[in-house]
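Per-entry structural report
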Amino acid sequence: MAARDTDGLIKPCTGLAGYGGDTARVYLLLTENPELSYSHACSLATSIRSTGIGRAPRFSWRNGRLLIESAPSVVAELARRIALLTSTIDGRQVPTVSSVDHLTADAGRAIIAENRAAYIAEYGESA
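Below you will find a few notes about this structure. (Residues numbered from 1 in each chain as written. Predicted model: local features only at pLDDT ≥ 70, side-chain atom pairs only at ≥ 80, totals over all residues. Heavy atoms only, no water.)

Observations concerning helix α3 (residues 105-123)
- Taking 1.5 Å of rise per residue, the 19 residues of α3 would be expected to cover 27 Å, and the 27 Å separating its terminal C-alpha atoms lies within 8% of that figure.
- Three or more residues of α3 are buried, namely A105, G108, I111, I112, N115 and R116. The buried residues of α3 occupy one face: seen down the axis, they fall within an arc of 135 degrees. Summarising the geometry of α3, the exposed residues directed more than 90 degrees from the buried face are D106 and A121.
- Of the residues flanking the end of α3, it is G124, one or two places downstream, whose phi is positive at about 95 degrees. (Helix = DSSP H or I, 4+ residues; strand = E, 2+ residues; numbered from the N terminus. Expected span 1.5 Å × (residues − 1). Buried < 20%, exposed > 50% of the residue type's maximum accessible area, 1.4 Å probe, protein only. Arc of directions from axis to C-beta.)

Encoded structure:
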């Protein structure tokens, strides 16, 4: 989860055990498969967190796209695992995500800030 500092800035999370002490951050921007009849963002985020090498920070989902935080040393493995995730549609297995884009730390934090601003515009100040 991302935390808001008293001055309103989004701060990245501290490392997970699976990061092996790597405190640098990179991001994966996942696009949900449009064939899916409803959003799988929650189950997708849970699956990714269970790997121990990635997580969805606060304000990470918007318009069918989910932002995942990871460390440079493990992001390729995480992307490989995400590519293997499938969902069932009409009895057939389809990929849960249609694309995985690798982003820098700055690009990922910019998306979090945009998503947070959109959330506040729609629902008011977040808790």
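Text resumes after the structure shown.
Section: unusual backbone geometry
- A positive phi is found at F59, a non-glycine position, where the angle reads about 65 degrees.
- Note that F59 resides in the loop between α1 (41-49) and β4 (61-62).
- Of note, the phi angle at N63 is positive, near 55 degrees, even though the residue is not glycine.
- Looking at where N63 falls in the secondary structure, it is placed in the loop between β4 and β5 (65-70).

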